[in-house]
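Coordinate analysis (summary)
These are the residues of each chain, in order.
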Amino acid sequence: MWESKNIETNTIHGGKKSQGEFGTLSTPIYQTSTFVFDNVQQGAQRFAGEDGGHMYSRLGNPTVEELEARMALLEGTEAAAAFGSGMGAVSSAVLALLKAGDHLVTSHRLYGCTFALFNHQLPALGIEVSFVDLADEQALRAAIRPNTKVIYGETPINPCMTVIDLDTVAAIARQHDLTTVIDNTFMSPILQRPASHGIDLVLHSATKYLNGHGDVVAGILCGPGELIDRIKMTTRKDMGAVMSPHDAWLVIRGLKTLHLRMQRHGENGQLVAEYLQDHDAVEKVYYPGLPNHPGHALLGRQMRGAGGVMAFELKGSFEQAVAFINKLQMCKRAVSLGDAETLIQHPASMTHSTYEPEELAEAGISRTLIRLAVGLENAQDIVADLGQALSVAR
Ligand code: 4LM
């Protein structure tokens, strides 16, 4: 398998296994549910793990495995596992690592469905969960108990873009022999590689930047070979959140332009964040590319760029915020992020509607907070659309 020292080249060539039967440039889509055995003995050997051959696509599929090899290379881990959604990756990871009586330390800010899984489903299974500010080293240290097994976080955090120091989290985890899981969805491996900071498992909603074209729901988990194999052969196999070969092919296609797209998302993000910050109708902008953002100091050390997502609050009322979002013409009112189109949404009533009002307040997600996922359009068109809609908030 060929590998470059440059990640831009690896998004195109890295991890590519074969050219297929006919020497195809594009990865073949092995659209099959099952695989034929020469005889009973061969089938039995495969199920016993004595023969590397395939059995059934929930257990492994060559197209999906090619994506897994590519993602492991990009994140700098031994292996990767692909899932049918980002939430499939989150649930398969934590349920492989935690059992009744164990304790999870996680962030008080998380994507809404990850919060719901940790706040409702895990406690129902007898797993204890503490929600703390993972950017606060003392709070993280104080949360660790004798039965703590895992630290789970996102950075930057959806939707307020809080940045967690990965070196600090990894060092604390090592002291207490804990497994760390970091959701790298907002950065992609182009802008941040958590494993190089000592994080064990790196997670993605591949629905977002990795695929990049708004036409797939998918997830990826990258990490040590033994742990990834265990997840594939336990929670992924038995709960079944697998990625389809066609979706894997679409994500592989998306990866080829990931480095170019991340560069443009970042350039547009910076320009739009600066425009909003200077606008007299805007109260506050949350974007790590702005020098007044608390996570700005980690740019360069941990992150190669600030990416394309930001949140902001207008000076006006909730009704004015709604009127502003409704007045946009080019920017699309939609959840998700990482697509070519600029997407705008209202976290309190959409992506984070899984939080109760007091939980939203605790997480610092106000009713007037707006999240903008800047796309790949000409930045001047994004700014012009925001500008005409901001007239309602003046
Ligand atoms: C959204 N997010 O924010 P699937 N991790 C992070 C996420 O933002 C998401 C997931 C995992 C949004 C979806 C509507 C940081 C999702 C979950 O949607 O299951 O692929 O990923 O707009």
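What this report covers is the structure whose coordinates are included nearby. Every chain is numbered independently, its residues counted from 1 as its sequence is written. Totals for whole chains, interfaces and linings use every residue, but because this is a predicted model, local features are given only for residues with pLDDT of at least 70 and side-chain atom pairs only at 80 or more, for both listing and counting. Calculation of side-chain values draws on the structure's entire complement of heavy atoms; hydrogens and water are dropped beforehand.

This brings us to the side chain of Glu-377. The helix and strand labels rest on DSSP assignments: H or I over at least four residues marks a helix, E over at least two residues marks a strand, and numbering proceeds from the N terminus. The residue Glu-377 is located in the loop between β12 (369-373) and α14 (379-390) in this model. Only protein chains enter the accessibility calculation, which uses a 1.4 Å probe. A residue is then buried if its area is under 20% of the maximum for its type, exposed if over 50%, and partly exposed in between. Just so you know, the count uses Lys and Arg for positive and Asp and Glu for negative, and it drops His and the chain ends. Salt bridges are counted wherever a side-chain nitrogen of Lys or Arg sits within 4 Å of a carboxyl oxygen of Asp or Glu. Although buried, Glu-377 forms no salt bridge, and the nearest oppositely charged side chain, Lys-332, lies 7.6 Å from it. Contacts: residue pairs with any heavy atoms within 4.5 Å of one another. Beyond its immediate stretch of four places on either side in the chain, Glu-377 contacts Arg-264, Asn-268, Met-330, Ala-340, Glu-341, Thr-342 and Ile-382.

For the bond from Thr-155 to Pro-156, the omega torsion is -10 degrees, close enough to zero to count as cis. Mapping Pro-156 onto the fold places it in the loop between β4 (148-154) and α7 (166-176). For the peptide bond that leads from Asn-158 to Pro-159, omega is 5 degrees, which places it in the cis range. Mapped onto the elements, Pro-159 comes out in the loop between β4 and α7. If you check the backbone angles, Met-161 has positive phi at about 65 degrees while not being a glycine. With respect to the helices, strands and loops of the structure, Met-161 is situated in the loop between β4 and α7.

Moving on: the site of the ligand. If even one non-hydrogen atom of a residue comes within 4 Å of a molecule or strand, that residue is called near it. Asp-183, Thr-207, Lys-208, Ser-336 and Arg-371 are the nearest of the 19 residues found near the ligand. Counted as a polar contact is a pair of N or O atoms within 3.5 Å, where, for protein atoms, one must be capable of donating a hydrogen and the other of accepting one, and residues adjacent in sequence contribute only when both atoms are in side chains. Within the backbone of Gly-86, one N or O atom sits 2.9 Å away from an oxygen atom of the ligand. A distance of 2.9 Å separates an oxygen atom of the ligand from a polar atom in the side chain of Ser-205. Computed with a 1.4 Å probe, the accessible areas rest on the Shrake-Rupley method; for each residue, only the protein chains presented here act as cover. Computed on the free molecule, the ligand has an accessible area of 490 Å², of which 91% lies beneath the protein chains in the complex. Segmentation into domains, and thus their bounds, comes from an automatic or database assignment. Here the shell around the ligand spans two domains, and each of domain 1 (7-30 + 61-255) and domain 2 (259-393) adds at least three residues to it.

Strands pair, by our definition, only if DSSP identifies at least two bridges between them. Spatial strand order, β8-β9-β12-β11-β10: five strands in an open sheet with mixed pairing. The sheet is open, and its two borders are formed by β8 (282-286) and β10 (332-333), each paired with just one other strand. Looking at chain direction, strand β9 (residues 309-314) and β12 are connected through five bridges and run antiparallel. Note that in β12 the partner of Val-309 across the bridge is Ala-373. Here, axes are lines fitted to C-alpha atoms. For helices the fit covers the stretch in contact, and angles between N-to-C directions go from 0 to 180 degrees. Seen against the sheet, helix α11 (residues 258-278) touches β8, β9 and β12 and runs at an angle of roughly 10 degrees to β9. Each of β9, β10, β11 (343-345) and β12 is contacted by helix α12 (residues 318-327), which is oriented at about 130 degrees to β9, the strand it contacts most.

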